[in-house]
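# Tertiary structure, described
Residues per chain are reported as follows:
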Amino acid sequence: MNGPADSPFAPTRLGPLSLRNRLIRTACFEGLTPSGLPSDQLVEHHRLMAEGGVGMTTVAYCSVARDGLTFEHQMHARAEIAPGLKRLTDAVHPAGAAACLQLGHAGYFASPSAAGTRPLGASPMMCTYTLTRCRAASEQDLERLTADFVAAARLAVQECGFDAVELHMGHGYLLSQFLSPYTNRRKDRFGGDLEGRLRFPLQVARAVREAIGADRAVIAKINLSDGFAKGLDVAEAIEVARALEAAGLDGLVLSGGFVSKTPFYMLRGDLPVAEMVRNEPKLLRRTGLRLFGRMFVPRHDYEDLFFLDEARRVKDAVGIPVSLLGGVRTLAQIEQAVSEGFGFVSMGRPLIHMPDLPRRMQAGELTASPCEPCNRCVAEMEAGGIRCTHPELGSGPARSS
Ligand SMILES: Cc1cc2nc3c(=O)[nH]c(=O)nc-3n(C[C@H](O)[C@H](O)[C@H](O)COP(=O)(O)O)c2cc1C
(Lines give C-alpha, C1' and ligand atoms only; values in the text may rest on other atoms or scores of the structure.)
Protein backbone atom coordinates (compact mmCIF):
# COMPACT_ATOMS: atom_id res chain seq x y z
CA MET A 1 0.00 0.00 0.00
CA ASN A 2 2.00 2.96 -1.19
CA GLY A 3 1.13 6.45 -2.22
CA PRO A 4 2.27 10.03 -1.79
CA ALA A 5 3.32 10.87 1.78
CA ASP A 6 0.09 12.75 2.55
CA SER A 7 -2.08 10.07 1.00
CA PRO A 8 -4.35 8.21 3.42
CA PHE A 9 -2.89 5.04 1.90
CA ALA A 10 0.75 5.89 2.57
CA PRO A 11 2.61 4.14 5.41
CA THR A 12 2.80 6.15 8.61
CA ARG A 13 3.83 6.00 12.27
CA LEU A 14 1.74 5.67 15.37
CA GLY A 15 4.27 6.18 18.14
CA PRO A 16 6.61 3.20 17.86
CA LEU A 17 4.43 1.41 15.27
CA SER A 18 4.72 1.50 11.49
CA LEU A 19 1.26 1.20 9.97
CA ARG A 20 0.64 0.56 6.30
CA ASN A 21 -1.84 3.42 6.07
CA ARG A 22 -3.84 5.96 8.06
CA LEU A 23 -7.13 4.07 8.30
CA ILE A 24 -8.26 2.58 11.60
CA ARG A 25 -11.20 0.33 12.28
CA THR A 26 -12.48 1.88 15.48
CA ALA A 27 -13.73 -0.09 18.47
CA CYS A 28 -17.30 -1.36 18.01
CA PHE A 29 -18.42 -3.93 20.56
CA GLU A 30 -18.75 -7.03 18.43
CA GLY A 31 -20.91 -9.20 20.70
CA LEU A 32 -18.77 -12.13 19.58
CA THR A 33 -17.45 -13.23 22.97
CA PRO A 34 -20.02 -15.77 24.21
CA SER A 35 -19.27 -16.71 27.84
CA GLY A 36 -16.77 -13.85 27.82
CA LEU A 37 -14.30 -15.65 25.55
CA PRO A 38 -13.18 -14.68 22.04
CA SER A 39 -14.95 -16.80 19.44
CA ASP A 40 -13.86 -17.94 15.99
CA GLN A 41 -16.26 -15.33 14.59
CA LEU A 42 -14.42 -12.57 16.44
CA VAL A 43 -11.14 -13.76 14.95
CA GLU A 44 -12.72 -13.87 11.48
CA HIS A 45 -14.32 -10.43 11.92
CA HIS A 46 -10.94 -8.81 12.49
CA ARG A 47 -9.11 -10.94 9.93
CA LEU A 48 -11.59 -9.59 7.37
CA MET A 49 -10.90 -6.03 8.56
CA ALA A 50 -7.17 -6.60 8.10
CA GLU A 51 -7.65 -8.18 4.67
CA GLY A 52 -9.95 -5.33 3.78
CA GLY A 53 -7.07 -2.91 4.02
CA VAL A 54 -7.15 -0.94 7.31
CA GLY A 55 -3.81 -0.03 8.86
CA MET A 56 -5.01 -1.09 12.31
CA THR A 57 -8.09 -2.85 13.62
CA THR A 58 -9.37 -2.32 17.15
CA VAL A 59 -11.00 -5.12 19.12
CA ALA A 60 -13.73 -3.56 21.20
CA TYR A 61 -14.32 -3.29 24.75
CA CYS A 62 -12.35 -5.57 26.99
CA SER A 63 -13.09 -4.66 30.59
CA VAL A 64 -10.00 -4.55 32.78
CA ALA A 65 -11.91 -6.26 35.59
CA ARG A 66 -15.13 -8.19 36.04
CA ASP A 67 -16.77 -5.27 37.84
CA GLY A 68 -16.49 -3.15 34.68
CA LEU A 69 -18.65 -5.36 32.47
CA THR A 70 -21.77 -4.02 30.78
CA PHE A 71 -22.90 -7.31 29.26
CA GLU A 72 -22.68 -10.87 30.52
CA HIS A 73 -21.20 -11.95 27.19
CA GLN A 74 -18.33 -9.48 27.27
CA MET A 75 -14.62 -10.10 27.85
CA HIS A 76 -12.77 -9.07 30.92
CA ALA A 77 -9.00 -9.30 31.16
CA ARG A 78 -7.92 -12.66 32.50
CA ALA A 79 -5.66 -15.49 31.38
CA GLU A 80 -8.54 -17.42 29.74
CA ILE A 81 -9.02 -14.81 26.99
CA ALA A 82 -5.37 -14.89 25.90
CA PRO A 83 -5.40 -17.96 23.61
CA GLY A 84 -8.39 -16.67 21.60
CA LEU A 85 -6.98 -13.16 21.30
CA LYS A 86 -3.58 -14.54 20.30
CA ARG A 87 -5.30 -16.43 17.48
CA LEU A 88 -6.91 -13.12 16.51
CA THR A 89 -3.65 -11.15 16.33
CA ASP A 90 -2.02 -14.10 14.53
CA ALA A 91 -4.78 -13.84 11.91
CA VAL A 92 -4.58 -10.04 11.61
CA HIS A 93 -0.80 -9.64 11.27
CA PRO A 94 -0.24 -11.75 8.11
CA ALA A 95 -2.97 -9.69 6.43
CA GLY A 96 -0.83 -6.58 6.94
CA ALA A 97 -2.65 -4.73 9.73
CA ALA A 98 -1.76 -3.92 13.31
CA ALA A 99 -4.10 -4.93 16.12
CA CYS A 100 -5.26 -2.82 19.03
CA LEU A 101 -7.32 -3.82 22.06
CA GLN A 102 -9.69 -1.33 23.67
CA LEU A 103 -9.42 -1.47 27.47
CA GLY A 104 -11.95 0.12 29.73
CA HIS A 105 -14.18 -0.09 32.75
CA ALA A 106 -17.86 0.81 32.71
CA GLY A 107 -17.88 2.32 36.21
CA TYR A 108 -21.34 3.46 37.29
CA PHE A 109 -23.21 1.90 34.38
CA ALA A 110 -21.66 -1.57 34.76
CA SER A 111 -24.30 -4.26 34.77
CA PRO A 112 -24.72 -5.45 38.37
CA SER A 113 -25.48 -9.00 37.22
CA ALA A 114 -22.56 -9.21 34.77
CA ALA A 115 -20.20 -7.43 37.17
CA GLY A 116 -21.34 -9.56 40.11
CA THR A 117 -21.32 -6.56 42.41
CA ARG A 118 -22.73 -3.07 42.96
CA PRO A 119 -21.19 -0.70 40.40
CA LEU A 120 -18.65 1.90 41.47
CA GLY A 121 -18.23 5.34 39.97
CA ALA A 122 -16.46 8.62 40.56
CA SER A 123 -19.30 9.74 42.86
CA PRO A 124 -22.44 8.07 44.23
CA MET A 125 -25.13 8.43 41.60
CA MET A 126 -28.28 6.81 40.27
CA CYS A 127 -27.79 5.40 36.78
CA THR A 128 -31.00 5.50 34.76
CA TYR A 129 -29.49 3.01 32.32
CA THR A 130 -29.03 0.21 34.89
CA LEU A 131 -31.49 1.57 37.48
CA THR A 132 -28.76 1.15 40.11
CA ARG A 133 -27.14 3.62 42.48
CA CYS A 134 -23.38 3.26 42.38
CA ARG A 135 -20.99 3.71 45.25
CA ALA A 136 -18.04 6.10 45.06
CA ALA A 137 -14.67 4.51 44.31
CA SER A 138 -12.33 4.75 47.31
CA GLU A 139 -8.65 5.59 46.92
CA GLN A 140 -7.99 1.90 47.49
CA ASP A 141 -10.34 1.07 44.59
CA LEU A 142 -8.43 3.52 42.40
CA GLU A 143 -5.12 1.81 43.21
CA ARG A 144 -6.67 -1.57 42.40
CA LEU A 145 -8.18 -0.27 39.16
CA THR A 146 -4.87 1.27 38.07
CA ALA A 147 -3.22 -2.11 38.66
CA ASP A 148 -6.08 -3.76 36.68
CA PHE A 149 -5.44 -1.45 33.69
CA VAL A 150 -1.72 -2.25 33.85
CA ALA A 151 -2.31 -6.00 34.11
CA ALA A 152 -4.81 -5.91 31.23
CA ALA A 153 -2.41 -3.94 29.02
CA ARG A 154 0.43 -6.35 29.81
CA LEU A 155 -1.82 -9.30 29.00
CA ALA A 156 -2.80 -7.64 25.70
CA VAL A 157 0.73 -7.05 24.45
CA GLN A 158 2.71 -9.84 26.12
CA GLU A 159 0.27 -12.75 25.94
CA CYS A 160 -2.12 -11.79 23.16
CA GLY A 161 0.23 -10.13 20.65
CA PHE A 162 -1.51 -6.75 20.34
CA ASP A 163 0.54 -3.89 18.90
CA ALA A 164 -1.42 -1.23 20.75
CA VAL A 165 -3.91 -0.71 23.52
CA GLU A 166 -6.60 1.96 23.49
CA LEU A 167 -7.61 3.31 26.90
CA HIS A 168 -11.33 4.05 26.81
CA MET A 169 -11.59 7.52 28.33
CA GLY A 170 -14.74 8.52 26.49
CA HIS A 171 -18.42 7.63 26.15
CA GLY A 172 -19.07 7.95 29.88
CA TYR A 173 -16.99 4.92 30.85
CA LEU A 174 -15.21 5.03 34.22
CA LEU A 175 -12.25 7.20 33.15
CA SER A 176 -14.66 9.51 31.34
CA GLN A 177 -16.83 9.60 34.50
CA PHE A 178 -13.79 10.97 36.33
CA LEU A 179 -13.20 13.60 33.63
CA SER A 180 -16.81 14.74 33.44
CA PRO A 181 -18.02 17.40 35.89
CA TYR A 182 -21.47 15.76 35.64
CA THR A 183 -20.39 12.43 37.16
CA ASN A 184 -17.35 13.54 39.15
CA ARG A 185 -18.51 15.50 42.19
CA ARG A 186 -15.71 14.36 44.46
CA LYS A 187 -14.28 16.70 47.03
CA ASP A 188 -10.93 14.89 47.31
CA ARG A 189 -7.86 15.26 45.09
CA PHE A 190 -9.52 13.14 42.35
CA GLY A 191 -12.32 15.67 41.81
CA GLY A 192 -13.04 19.38 41.64
CA ASP A 193 -11.32 21.36 38.90
CA LEU A 194 -10.06 19.71 35.71
CA GLU A 195 -6.65 19.10 37.27
CA GLY A 196 -8.33 17.00 39.98
CA ARG A 197 -10.69 15.25 37.56
CA LEU A 198 -7.72 14.36 35.35
CA ARG A 199 -5.71 12.86 38.19
CA PHE A 200 -7.06 9.29 38.01
CA PRO A 201 -7.14 9.00 34.18
CA LEU A 202 -3.58 10.37 34.04
CA GLN A 203 -2.46 7.96 36.75
CA VAL A 204 -3.79 5.11 34.60
CA ALA A 205 -2.28 6.49 31.39
CA ARG A 206 1.18 6.92 32.93
CA ALA A 207 1.13 3.52 34.61
CA VAL A 208 0.11 1.74 31.39
CA ARG A 209 2.59 3.71 29.28
CA GLU A 210 5.39 2.76 31.65
CA ALA A 211 4.32 -0.86 31.98
CA ILE A 212 4.04 -1.99 28.39
CA GLY A 213 7.35 -0.84 27.01
CA ALA A 214 8.44 1.46 24.25
CA ASP A 215 7.78 -0.84 21.28
CA ARG A 216 3.96 -0.85 21.63
CA ALA A 217 1.56 2.05 21.27
CA VAL A 218 -0.78 3.38 23.93
CA ILE A 219 -3.61 5.55 22.66
CA ALA A 220 -6.79 6.90 24.23
CA LYS A 221 -10.32 7.45 23.01
CA ILE A 222 -11.62 10.67 24.54
CA ASN A 223 -14.75 12.77 24.40
CA LEU A 224 -14.81 16.08 22.58
CA SER A 225 -17.99 16.72 24.48
CA ASP A 226 -20.28 14.61 26.67
CA GLY A 227 -23.21 15.90 24.64
CA PHE A 228 -25.30 17.50 27.40
CA ALA A 229 -25.27 20.60 29.61
CA LYS A 230 -22.90 20.42 32.60
CA GLY A 231 -20.86 17.67 30.96
CA LEU A 232 -17.32 17.91 29.65
CA ASP A 233 -17.00 20.38 26.77
CA VAL A 234 -14.46 20.89 24.02
CA ALA A 235 -12.49 23.55 25.95
CA GLU A 236 -11.79 20.96 28.64
CA ALA A 237 -11.24 18.22 26.03
CA ILE A 238 -8.36 20.28 24.64
CA GLU A 239 -6.73 20.31 28.08
CA VAL A 240 -7.37 16.58 28.49
CA ALA A 241 -5.66 15.94 25.15
CA ARG A 242 -2.65 18.07 26.10
CA ALA A 243 -2.32 16.30 29.44
CA LEU A 244 -2.46 12.86 27.79
CA GLU A 245 0.19 13.89 25.30
CA ALA A 246 2.39 15.03 28.20
CA ALA A 247 1.75 11.67 29.88
CA GLY A 248 3.41 9.97 26.91
CA LEU A 249 0.44 8.64 24.94
CA ASP A 250 1.05 7.97 21.25
CA GLY A 251 -2.24 9.09 19.77
CA LEU A 252 -5.85 10.06 20.39
CA VAL A 253 -9.17 9.00 18.90
CA LEU A 254 -11.79 11.72 19.26
CA SER A 255 -15.42 10.91 19.95
CA GLY A 256 -18.23 12.12 22.19
CA GLY A 257 -21.34 11.20 24.15
CA PHE A 258 -22.24 9.32 27.30
CA VAL A 259 -23.65 5.79 27.01
CA SER A 260 -25.87 6.28 30.06
CA LYS A 261 -27.32 9.67 28.94
CA THR A 262 -26.68 10.42 25.28
CA PRO A 263 -25.84 7.07 23.67
CA PHE A 264 -26.67 8.20 20.13
CA TYR A 265 -24.54 11.33 20.32
CA MET A 266 -21.58 9.18 19.22
CA LEU A 267 -23.58 7.65 16.33
CA ARG A 268 -26.26 10.16 15.29
CA GLY A 269 -29.30 9.25 13.27
CA ASP A 270 -32.07 6.71 13.64
CA LEU A 271 -32.74 4.82 16.86
CA PRO A 272 -33.37 1.16 15.99
CA VAL A 273 -35.86 0.87 18.87
CA ALA A 274 -37.88 -2.03 17.38
CA GLU A 275 -34.72 -4.08 16.81
CA MET A 276 -33.35 -3.22 20.25
CA VAL A 277 -36.61 -4.31 21.91
CA ARG A 278 -36.58 -7.56 19.95
CA ASN A 279 -32.98 -8.35 20.89
CA GLU A 280 -33.03 -7.29 24.55
CA PRO A 281 -32.90 -10.49 26.65
CA LYS A 282 -34.01 -8.91 29.96
CA LEU A 283 -37.75 -8.49 30.38
CA LEU A 284 -37.53 -5.32 32.49
CA ARG A 285 -35.15 -3.59 30.10
CA ARG A 286 -37.17 -4.82 27.11
CA THR A 287 -40.34 -3.33 28.54
CA GLY A 288 -38.56 -0.10 29.48
CA LEU A 289 -37.10 0.21 26.01
CA ARG A 290 -40.46 -0.41 24.38
CA LEU A 291 -42.25 2.15 26.54
CA PHE A 292 -39.63 4.82 27.04
CA GLY A 293 -36.86 4.10 24.53
CA ARG A 294 -37.43 7.20 22.45
CA MET A 295 -38.05 9.34 25.52
CA PHE A 296 -34.83 8.42 27.31
CA VAL A 297 -32.56 8.25 24.30
CA PRO A 298 -32.19 11.76 22.90
CA ARG A 299 -32.13 11.96 19.13
CA HIS A 300 -29.23 13.59 17.31
CA ASP A 301 -29.55 14.09 13.58
CA TYR A 302 -26.95 12.42 11.43
CA GLU A 303 -24.63 14.36 9.17
CA ASP A 304 -21.28 13.30 7.72
CA LEU A 305 -18.18 14.33 9.72
CA PHE A 306 -20.28 15.17 12.76
CA PHE A 307 -17.26 15.72 15.04
CA LEU A 308 -15.06 17.58 12.53
CA ASP A 309 -15.24 21.14 13.92
CA GLU A 310 -14.49 20.16 17.51
CA ALA A 311 -11.91 17.58 16.42
CA ARG A 312 -9.99 20.26 14.51
CA ARG A 313 -9.62 22.28 17.70
CA VAL A 314 -8.14 19.34 19.62
CA LYS A 315 -5.91 18.30 16.70
CA ASP A 316 -4.48 21.82 16.48
CA ALA A 317 -3.66 21.81 20.21
CA VAL A 318 -1.46 18.68 20.31
CA GLY A 319 1.51 17.25 18.45
CA ILE A 320 0.64 13.54 18.66
CA PRO A 321 -1.44 11.99 15.88
CA VAL A 322 -5.16 12.49 16.24
CA SER A 323 -7.75 10.33 14.54
CA LEU A 324 -10.91 11.82 13.09
CA LEU A 325 -13.98 9.68 13.80
CA GLY A 326 -17.70 10.05 13.30
CA GLY A 327 -19.54 9.93 10.00
CA VAL A 328 -16.54 9.60 7.73
CA ARG A 329 -18.01 8.17 4.54
CA THR A 330 -16.17 9.25 1.42
CA LEU A 331 -12.67 9.08 0.01
CA ALA A 332 -12.73 12.86 -0.43
CA GLN A 333 -13.50 13.29 3.29
CA ILE A 334 -10.65 10.94 4.24
CA GLU A 335 -8.24 12.81 1.95
CA GLN A 336 -9.42 16.14 3.31
CA ALA A 337 -8.86 15.00 6.92
CA VAL A 338 -5.34 13.80 6.17
CA SER A 339 -4.46 16.95 4.25
CA GLU A 340 -5.69 19.02 7.21
CA GLY A 341 -3.26 17.18 9.48
CA PHE A 342 -5.32 14.44 11.09
CA GLY A 343 -2.84 11.60 11.53
CA PHE A 344 -5.55 8.97 11.13
CA VAL A 345 -9.15 8.47 10.12
CA SER A 346 -11.21 5.98 12.13
CA MET A 347 -14.38 4.31 10.93
CA GLY A 348 -16.96 2.04 12.52
CA ARG A 349 -20.22 1.46 10.67
CA PRO A 350 -18.81 1.76 7.12
CA LEU A 351 -16.38 -1.07 7.91
CA ILE A 352 -19.00 -3.24 9.62
CA HIS A 353 -20.92 -2.78 6.39
CA MET A 354 -17.97 -3.36 4.07
CA PRO A 355 -14.68 -4.54 5.62
CA ASP A 356 -12.82 -4.15 2.32
CA LEU A 357 -13.91 -0.53 1.82
CA PRO A 358 -10.28 0.71 2.17
CA ARG A 359 -9.01 -1.71 -0.45
CA ARG A 360 -11.87 -0.83 -2.81
CA MET A 361 -11.29 2.90 -2.32
CA GLN A 362 -7.58 2.56 -2.93
CA ALA A 363 -8.22 0.50 -6.05
CA GLY A 364 -10.52 3.22 -7.37
CA GLU A 365 -13.57 0.94 -7.32
CA LEU A 366 -15.51 3.11 -4.87
CA THR A 367 -15.36 6.71 -3.72
CA ALA A 368 -17.96 6.46 -0.95
CA SER A 369 -19.27 3.94 1.55
CA PRO A 370 -22.73 2.66 0.61
CA CYS A 371 -23.54 2.30 4.35
CA GLU A 372 -26.77 4.03 5.27
CA PRO A 373 -26.25 4.81 8.95
CA CYS A 374 -29.47 3.05 9.99
CA ASN A 375 -27.81 1.95 13.25
CA ARG A 376 -29.40 -1.47 13.11
CA CYS A 377 -25.92 -2.96 13.57
CA VAL A 378 -26.10 -1.58 17.13
CA ALA A 379 -29.06 -3.79 17.97
CA GLU A 380 -27.16 -6.80 16.62
CA MET A 381 -24.65 -6.66 19.49
CA GLU A 382 -27.29 -8.43 21.58
CA ALA A 383 -28.41 -10.82 18.85
CA GLY A 384 -25.45 -13.03 18.16
CA GLY A 385 -22.89 -10.47 17.07
CA ILE A 386 -22.64 -7.30 15.02
CA ARG A 387 -23.27 -7.47 11.33
CA CYS A 388 -24.76 -5.21 8.77
CA THR A 389 -28.44 -5.95 8.35
CA HIS A 390 -28.11 -4.78 4.73
CA PRO A 391 -25.37 -7.21 3.63
CA GLU A 392 -26.67 -7.10 0.08
CA LEU A 393 -25.36 -3.54 -0.09
CA GLY A 394 -21.91 -4.35 1.19
CA SER A 395 -19.35 -7.07 1.59
CA GLY A 396 -19.68 -7.77 5.32
CA PRO A 397 -19.92 -11.39 6.36
CA ALA A 398 -23.34 -12.94 6.84
CA ARG A 399 -23.72 -14.30 10.37
CA SER A 400 -23.45 -18.06 10.49
CA SER A 401 -25.82 -18.64 13.43
C1 LIG B 1 -22.35 -1.63 16.83
C2 LIG B 1 -21.50 -0.58 17.46
C3 LIG B 1 -20.83 -0.86 18.66
C4 LIG B 1 -20.01 0.10 19.23
N5 LIG B 1 -19.28 -0.22 20.35
C6 LIG B 1 -18.31 0.63 20.78
C7 LIG B 1 -17.39 0.22 21.79
O8 LIG B 1 -17.43 -0.90 22.30
N9 LIG B 1 -16.45 1.11 22.16
C10 LIG B 1 -16.36 2.35 21.60
O11 LIG B 1 -15.47 3.12 21.97
N12 LIG B 1 -17.23 2.77 20.67
C13 LIG B 1 -18.18 1.94 20.23
N14 LIG B 1 -19.01 2.32 19.21
C15 LIG B 1 -18.90 3.68 18.63
C16 LIG B 1 -17.91 3.69 17.45
O17 LIG B 1 -16.60 3.43 17.90
C18 LIG B 1 -17.90 5.02 16.69
O19 LIG B 1 -17.58 6.02 17.64
C20 LIG B 1 -19.24 5.35 16.03
O21 LIG B 1 -19.73 4.21 15.35
C22 LIG B 1 -19.11 6.51 15.03
O23 LIG B 1 -18.26 6.18 13.96
P24 LIG B 1 -18.86 5.80 12.49
O25 LIG B 1 -19.68 6.97 12.03
O26 LIG B 1 -17.63 5.59 11.65
O27 LIG B 1 -19.67 4.58 12.66
C28 LIG B 1 -19.87 1.39 18.62
C29 LIG B 1 -20.56 1.65 17.43
C30 LIG B 1 -21.35 0.69 16.84
C31 LIG B 1 -22.02 1.01 15.53
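Data block above holds the structure.
Description of the structure in this document. (Residues numbered from 1 in each chain as written. Predicted model: local features only at pLDDT ≥ 70, side-chain atom pairs only at ≥ 80, totals over all residues. Heavy atoms only, no water.)

## A few points about the overall build of the protein chain
Within the protein chain, the secondary structure is distributed over 14 helices and 14 strands. On C-alpha atoms alone, the protein chain measures out to a radius of gyration of 19 Å, which is about the 21 Å that the 2.2 N^0.38 rule sets for 401 residues. Principal axes of the C-alpha set define a box for the protein chain whose edges measure 55 × 45 × 40 Å. Among the 401 residues that make up the protein chain, the fraction classed as buried is 63%. By sequence separation, contacts in the protein chain at least 24 residues apart represent 70% of the contacts at least 6 residues apart. Summing over all exposed atoms, the protein chain offers an accessible surface of approximately 14,900 Å²; the carbon and sulfur share of this is 52%. In the protein chain, which carries 45 positive and 44 negative side-chain charges, the distance between the mean positions of the two groups comes to 5 Å. (Helix = DSSP H or I, 4+ residues; strand = E, 2+ residues; numbered from the N terminus. Rg over C-alpha atoms; globule rule 2.2 N^0.38 Å. Buried < 20%, exposed > 50% of the residue type's maximum accessible area, 1.4 Å probe, protein only. Contact = heavy atoms within 4.5 Å. Areas by Shrake-Rupley, 256 points an atom, 1.4 Å probe, with all protein chains shown as cover. Lys, Arg positive; Asp, Glu negative; His and termini not counted. Charge placed at Lys NZ, Arg CZ, Asp CG, Glu CD.)

## Concerning the site of the ligand
In the neighbourhood of the ligand, 25 residues make up the surrounding shell, with Ala27, Phe29, Lys221, Gly327 and Arg349 lying closest. At 2.7 Å, a backbone N or O of Phe29 approaches a nitrogen atom of the ligand. Between the ligand and the protein, one listed contact pairs an oxygen atom with a side-chain N or O atom of Gln102 at 2.9 Å. For the shell around the ligand, the secondary-structure elements that each account for two or more residues are β4 (56-63), α12 (349-353) and α14 (376-379). Here the residues of the shell around the ligand are counted per class, giving 14 nonpolar, eight polar and three charged. (Near = heavy atom within 4 Å. Polar contact = N/O pair within 3.5 Å; in protein donor to acceptor, adjacent residues only side chain to side chain. Nonpolar A, V, L, I, M, F, W, Y, C, P; charged D, E, K, R; others polar.)

## A closer look at empty space enclosed by the protein
Tallied over the entire structure, the rule returns four cavities of 30 Å³ or more. Taken as a whole, the largest cavity encloses approximately 90 Å³ of empty space. If you trace the largest cavity, you find 14 residues lining it, with Cys371, Glu372, Cys374, Cys377 and Cys388 closest to the centre. When contributions to the lining of the largest cavity are tallied by element, the ones reaching two or more residues are α12 and α14. Ranked by residues supplied to the lining of the largest cavity, first place goes to α12 with three residues. Looking at the lining of the largest cavity residue by residue, the class counts come to seven nonpolar, four polar and three charged. (1 Å grid on protein atoms, 1.4 Å probe; cavity = no way out; pocket = protein on both sides within 12 Å on 5 of 7 lines; lining within 4 Å. Points joined across faces, edges and corners; volume = space filled by probe spheres on them.)

## Details of the environment of Pro350
Take Pro350: it is sitting in helix α12. Look at Pro350 and you get buried, because its relative accessible area is 2%. Considering only alpha carbons, one finds Pro350 and Gly269, 81 residues apart in sequence, at a separation of 14 Å. Beyond its immediate stretch of four places on either side in the chain, Pro350 contacts Val328, Arg329, Leu357, Ser369 and Cys371.

## Comments concerning the environment of Ala379
Looking at where Ala379 falls in the secondary structure, it is placed in helix α14. Counting along the chain gives ten residues from Ala379 to Thr389, while the straight-line C-alpha distance between them is 9.9 Å.

## Comments concerning helix α7 (residues 234-246)
For α7, with 13 residues, the first-to-last C-alpha span of 18 Å sits near the 18 Å given by 1.5 Å per residue. Listed as buried for α7 are Val234, Glu236, Ala237, Ile238, Val240, Ala241, Ala243 and Leu244. Residues of α7 that are buried sit in contact with β10 (164-169), α5 (174-179), α6 (194-211), β11 (217-223), β12 (251-255) and α10 (308-315). Backbone geometry just after α7 places Gly248 at a positive phi near 100°. (Expected span 1.5 Å × (residues − 1).)

## A few points about the packing of aromatic side chains
Per the stated rule, a full pass over the model turns up eleven aromatic pairs. Ring centres of Phe109 and Tyr173 lie 4.9 Å apart, and the angle between their planes is 75°; on these two criteria the pair is classed as edge-to-face. Of this pair, Phe109 sits in the loop between β6 (98-104) and α3 (112-115) while Tyr173 sits in the loop between β10 and α5, and the two are 64 residues apart along the sequence. The residues Phe109 and Tyr173 share a single accessibility class, namely buried. (Phe/Tyr/Trp six-rings, centres within 6.5 Å; stacked < 30°, edge-to-face > 60°.)

## Points about the nonpolar core
With 95 residues, the main nonpolar core has Val208 and Leu244 as its most contacted residues. Looking at which element gives the most residues to this core, the answer is helix α4 (residues 139-159), with nine residues. What Val208 contacts, discounting residues up to four positions off in sequence, is Phe149, Val150, Ala153, Val165, Leu167 and Val218. (Core = buried A, V, L, I, M, F, W, Y, C linked by side-chain atoms within 4.5 Å.)

## A closer look at the pairing of strand β14 (residues 344-347)
Every other side chain in a regular strand lies on the same face of the sheet, so the side chains alternate between the two faces. Every second residue of β14 is oriented toward a common face, with Phe344 and Ser346 on one face and Val345 and Met347 on the other, all of them buried. Pairing of strand β13 (residues 322-324) with β14 involves two bridges; the strand directions are parallel. Following the sheet pairing, Ser323 is matched in β14 by Phe344. A crossover links β13 with its parallel partner β14, the connecting element being helix α11 (residues 331-340), and its sense is right-handed. (Pairing = 2+ DSSP bridges. Right-handed = clockwise from strand over helix to strand, strands pointing away.)

## Looking at the environment of Val297
Note that Val297 resides in the loop between α9 (283-296) and α10. For the pair formed by Val297 and Phe264, sequence separation is 33 residues and the distance between their alpha carbons is 7.2 Å. Setting aside residues no more than four positions away along its own chain, Val297 makes contact with Pro263, Phe264 and Leu271.

## Regarding helix α1 (residues 40-52)
Relative to the 18 Å expected for 13 residues at 1.5 Å per residue, α1 spans 18 Å between its end C-alpha atoms, a close match to the ideal helical length. Among all positions of α1, only Leu42, Val43, His45, His46, Met49, Ala50 and Gly52 are buried.

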